[in-house]
2 protein chains.
Amino acid sequence: MIQELIKELPLKKKQILETAEDLFLRFGIKRISIEEICSTAKVSKMTFYKYFKNKNELVKYLWSLMFEYGMKKLEEIEKLDITFQEKIELILKLKEESAKKLSHEFALEYFFSNTDLKEFFNQMYKRSISTFITFIKNAQAKGEVRTGMKPEFFIAATNKLMELVKDNELVNSYDSYKDFVLEINNFLFYGIFPRPNHE
Amino acid sequence: MIQELIKELPLKKKQILETAEDLFLRFGIKRISIEEICSTAKVSKMTFYKYFKNKNELVKYLWSLMFEYGMKKLEEIEKLDITFQEKIELILKLKEESAKKLSHEFALEYFFSNTDLKEFFNQMYKRSISTFITFIKNAQAKGEVRTGMKPEFFIAATNKLMELVKDNELVNSYDSYKDFVLEINNFLFYGIFPRPNHE
DNA sequence: GCTTTAAATGACTAAATACGTACAATATAA
DNA sequence: TTATATTGTACGTATTTAGTCATTTAAAGC
């Protein structure tokens, strides 16, 4: 997912980041040790500490890449000459793609970290939110979305629904965590009605 | 999955087994500590050690339950008054169901453990194999499967294909580990041809 | 060839985590 | 009331992990 953003980086740093992304997404952050990242990435610990001060710094770097990726994709989609609904479809496909290997563990740590990463996450989250609000407002200016809808409400609703991630029983009633993420996203855009042109 | 087999057990022992099954399947055995099992199962450590000598004994007990479940289901399917192909369909559905939360990690530890669990696994595996061979031979006796096919070859082929679990690159090319498991199983029964009546 | 730089290795300490046991306190049920 | 089951805390030990360092290996440039 982040691959296209780190092409310029040194090989070993790339290997670390790709491995960390994969392992963190699948098992959550706290379950993965630096040593495991190093051994699976085929990188020595020294090399790790050359590029990252510690695990937290790696996580921050990775998160910022993931945010950057999402915002870049959103901007690309916004520029396309297609209907707003088609843009929403692309966004949903993007979310589906990103959720492929996402585990419940990681999502919990990502959205509801209570460590010193919380502040860092919040900052990035606010930035991505404002990008998305601009996206909606632009669409409203072009008459593609009804102007009565406050983008701020959409964001607030999103935040509220995100708290469902903490409802273990609900999450576990889905075959995979990915299915749960899809449900939330579909619901946010289409409510209870079927997603158009989607088998 | 194993729930129906442990109904009679004491409540706390059930909680431990269900939690362990869930966590082991999702994250693999070595990543999960006894303390994590206890806390998520809402059981004290003392109670854990009352029912299980250590983690290995828990794993053995769990594995034997999982084998027992599979063999019990196979026997149930065999008794049904349906065509052989319909039975195969049921077996595939069963495998699909079992693989829902299965992670690559667990499958590796399960099939290729190199600890002292290996011997234990092999014993159970042999038993389940002979059950399956009987299943095929009975079908051959009834003329439901061509008699030219040696069941032993089928088992040997299965074992060989199972080694693909160790091919990380191949496994990772699937969206989820479950999809990979389905591919193997479909292939074993239907080769490269489509699974009948399956969308 | 030689020199300089980057990376890998193995060893090391300190901290954190996990294991397995023990005991007192509490809850439950006969 | 008397067993029985469960919990919480604590503890010593073992294992794992984090982070650092000196040394070896590999590679790149000249």
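Scroll up for the structure.
Computed from a prediction, not measured in an experiment: that's the story for all the values here. (Residues numbered from 1 in each chain as written. Chains lettered and ligands numbered in written order. Predicted model: local features only at pLDDT ≥ 70, side-chain atom pairs only at ≥ 80, totals over all residues. Heavy atoms only, no water.)

> I'd love a proper account of the side chain of A:Lys87, names of residues and values included.
Residues and elements named next belong to chain A. Along the chain, the position of Lys87 falls in helix H5 (residues 84–98). It is Glu144 that comes nearest to the buried, bridge-free Lys87 among opposite-charge side chains, at 4.6 Å. A distance of 3.0 Å separates a polar side-chain atom of Lys87 from the backbone oxygen of Glu78. In contact with Lys87, not counting residues within four places along its chain, are Ile77, Glu78, Leu80, Ile82, Phe135 and Lys142. (Helix = DSSP H or I, 4+ residues; strand = E, 2+ residues; numbered from the N terminus. Buried < 20%, exposed > 50% of the residue type's maximum accessible area, 1.4 Å probe, protein only. Lys, Arg positive; Asp, Glu negative; His and termini not counted. Salt bridge = Lys/Arg side-chain N within 4 Å of Asp/Glu carboxyl O. Polar contact = N/O pair within 3.5 Å; in protein donor to acceptor, adjacent residues only side chain to side chain. Contact = heavy atoms within 4.5 Å.)

> Can you break down the environment of A:Glu96 residue by residue, with the values?
Here A:Glu96 lies in helix H5. The sequence separation of A:Glu96 and A:Asp179 amounts to 83 residues, and the corresponding C-alpha distance is 8.8 Å.

> Would you mind going over the relation of the copies chain A and chain B in detail, with residue names and values included?
Mapping chain A onto chain B leaves a residual RMSD of 0.0 Å; the transformation is a rotation of 180 degrees accompanied by 0.1 Å of translation along its axis. Such a combination of turn and shift is consistent with a two-fold rotation axis. Closest approach to the rotation axis among the C-alpha atoms of chain A is made by A:Phe27, whose C-alpha sits 3.3 Å away. When the interface residues of chain A are mapped onto chain B, 100% of them again lie at the interface, so the same face is used by both copies. (Least-squares fit on C-alpha atoms with pLDDT ≥ 70 in both.)

> Requested: an account of the protein's contact with DNA strand D, with residues and values cited.
Looking at DNA strand D, there are 15 residues lining it, with A:Ile34, A:Lys45, A:Tyr49, B:Lys12 and B:Ser44 nearest. The sugar and phosphate moieties of DNA strand D supply 59% of its atoms located within 4 Å of the protein. When its residues are assigned to classes, the surface near DNA strand D shows 6 nonpolar, 4 polar and 5 charged. (Near = heavy atom within 4 Å. Nonpolar A, V, L, I, M, F, W, Y, C, P; charged D, E, K, R; others polar.)

> Help me get a handle on the packing of aromatic side chains, residues and values and all.
One pass over the full model with this rule turns up 39 aromatic pairs over all chains. Measuring from ring centre to ring centre gives 5.6 Å for A:Phe48 and A:Phe52, while their planes differ by 45 degrees; the resulting arrangement is tilted. Ring geometry for B:Tyr110 versus B:Phe111: centroids 5.1 Å apart, planes at 75 degrees, classification edge-to-face. Residue class for B:Tyr110 comes out buried when judged on its relative accessible area of 12%. (Phe/Tyr/Trp six-rings, centres within 6.5 Å; stacked < 30°, edge-to-face > 60°.)

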